[in-house]
Amino acid sequence: MTTPGLTSLSPNQGPTAGGTTVTLTGTNLGDVTTVRFGTTATAFTIVSATQITATAPPGSEGAVQVTATSPGGVSGGLSYFYIALPTLTGVSPGQGPMAGGTVVTLTGTNFSQATTVRFGTATAAFSALSATQITATAPSAPAGNPGPAQVTVTSPGGTSEGLPYYYAALPTLTAVSPGQGPTTGGTTVTLTGTNLLNATNVRFGATAAAFSVVSATQITATSPPGSTGIAQITVITPGGTGGGVAFQYVALPTLTGLSPIQGPLTGGTTVTLTGTNLGDATAVRFGTTATAFTIVSATQITATAPTGSAGAVQVTVTSPGGTSAGLTYTRTALPGI
């Protein structure tokens, strides 16, 4: 009887749990009675005098010698490598946009021979940095819907248990109230929209604002200082950046002149106010008394002096940009007869 010989194993590695079907190629294999992985005999099928298929038994991490025994003797051994199952202990960050693209760090064990990283059913590009760390780029949401996907790592040692990665929907903004405020900032605005719950940033133009998430559809924010004109408000969440509703920064009104500067206690005098940034005026006051007025232009308002006591009062103009400094208007009593 001739001694069996082994020339190759395919595959030559598998999980420590065993179960891998291995093809043994060689010579004089037709009379083989036993196949061993190390010292452990395993089930096998003789395909021909040059080929056997065997099922790898469970084993410990590392290499064992595979041999075939027949009445003619024992073959020389070929190395088969048992590889430990990869495990996942962390996914960071644990969420990102549905479009994918987030670089995610996976931590765990037995990553060195990783062959595949999946987010749900979607395969991700990845790089194994060490036996305990992988960086992967999240693919787009496998089902096209927001929610969790199980991240798994596959190697010749098997497929790890999954950890969840959450796909977040893109936030949207539909309204801002009020839609304007002073260039000095400080206006409390209510933003309404969708998918706002995990907001990490609110910006007025390029400037970050203090904010508080009220619900998935509402945020309150404090406008930061800005320049006169329109700033687009955006909200950033793990789902991406959304928004683009407009907030108007309004300059502080100023008063440079009143004409006339005095009138009777009974009021009724038409007073012309000149200054700057008067086009958005919402109130004109003589002292604490609001009065009727007409905006003529950004530099001129006409107002009707209200009744009041004799003496001087400060005339002010209020707009979304704030309240101007005052100019003096004097009420005088009619002369007695």
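In what follows, the structure referred to is the one given above.
Owing to the predicted nature of the structure, the values given are computational and were not obtained by experimental measurement.

Scoring rules and cut-offs
- Residues numbered from 1 in each chain as written.
- Predicted model: local features only at pLDDT ≥ 70, side-chain atom pairs only at ≥ 80, totals over all residues.
- Heavy atoms only, no water.
- Helix = DSSP H or I, 4+ residues; strand = E, 2+ residues; numbered from the N terminus.
- Rg over C-alpha atoms; globule rule 2.2 N^0.38 Å.
- Buried < 20%, exposed > 50% of the residue type's maximum accessible area, 1.4 Å probe, protein only.
- Contact = heavy atoms within 4.5 Å.
- Areas by Shrake-Rupley, 256 points an atom, 1.4 Å probe, with all protein chains shown as cover.
- Lys, Arg positive; Asp, Glu negative; His and termini not counted.
- Charge placed at Lys NZ, Arg CZ, Asp CG, Glu CD.
- Phe/Tyr/Trp six-rings, centres within 6.5 Å; stacked < 30°, edge-to-face > 60°.
- Core = buried A, V, L, I, M, F, W, Y, C linked by side-chain atoms within 4.5 Å.
- Pairing = 2+ DSSP bridges.

## Examining the overall build of the protein chain
A tally of regular secondary structure across the protein chain gives 0 helices and 37 strands. What you see for the protein chain is a C-alpha radius of gyration of 40 Å, clearly larger than the 20 Å of a compact globule of 337 residues, by over 25%. The principal-axis extents of the C-alpha atoms in the protein chain amount to approximately 150 × 25 × 25 Å. Considering the protein chain as a whole, with its 337 residues, one finds that 40% of them fall into the buried category. In the protein chain, once contacts between residues fewer than 6 apart in sequence are set aside, the share between residues at least 24 apart is 55%. Only carbon and sulfur atoms are counted for the fraction: they give 55% of the accessible area of the protein chain, which is about 15400 Å². A distance of 28 Å separates the average location of the 5 positive side-chain charges in the protein chain from that of its 4 negative side-chain charges.

## Digging into the packing of aromatic side chains
Applying the stated criterion across every chain, the model contains 7 aromatic pairs. Measuring from centroid to centroid gives 5.2 Å for Y80 and Y82, while their planes differ by 80°, and the two rings are edge-to-face. Their ring planes at 80° and their centres at 5.3 Å tell us that F204 and F247 sit as a pair that is edge-to-face. Of this pair, F204 sits in strand β23 (residues 201-204) while F247 sits in strand β27 (residues 240-250); the two residues are 43 residues apart in sequence, bridging distant segments of the chain. As far as burial versus exposure is concerned, F204 and F247 are alike and both buried.

## Considerations on unusual backbone geometry
At the junction of S177 and P178, the peptide bond is cis and its omega measures out at -5° in the coordinates. Here the bond from S259 into P260 is cis, since omega is -5°, no more than 30 degrees from zero. In this fold, P260 is placed in the loop between β28 (254-259) and β29 (262-264). You will see that N110, though not glycine, has its phi angle at about 60°, which is positive. Looking at where N110 falls in the secondary structure, it is placed in the loop between β13 (103-109) and β14 (116-119).

## Observations concerning the nonpolar core
Of all hydrophobic cores here, the largest spans 18 residues; its most connected members are L106, V117, F119, V151, V153 and Y165. For this core, the secondary structure elements donating two or more residues are β11 (87-92), β13, β14, β16 (133-137), β17 (147-155) and β19 (163-168). Among the elements that make up this core, the one with the highest residue count is β17 (3 residues). Every residue in contact with V117, bar those within four places of it in the chain, is listed here: L106, A122, T123, A124, F126, I134, A136, V151, T152 and V153. Formed by 17 residues, the second largest nonpolar core is a distinct cluster that contains L196, A199, V202 and A231.

## Quick look at the pairing of strand β30 (residues 270-276)
Of the two faces of β30, the one lined by V271, L273 and G275 is fully buried and the one lined by T270, T272, T274 and T276 carries no buried residue. As paired strands, β28 and β30 are joined by 5 bridges and run antiparallel to one another. By the bridge assignment for β30, T254 is matched with T276. Of the strand pairs in this sheet, β30 and strand β34 (residues 300-304) are connected by 5 bridges, and their pairing is antiparallel. Directly across from L273, in β34, lies its bridge partner I301.

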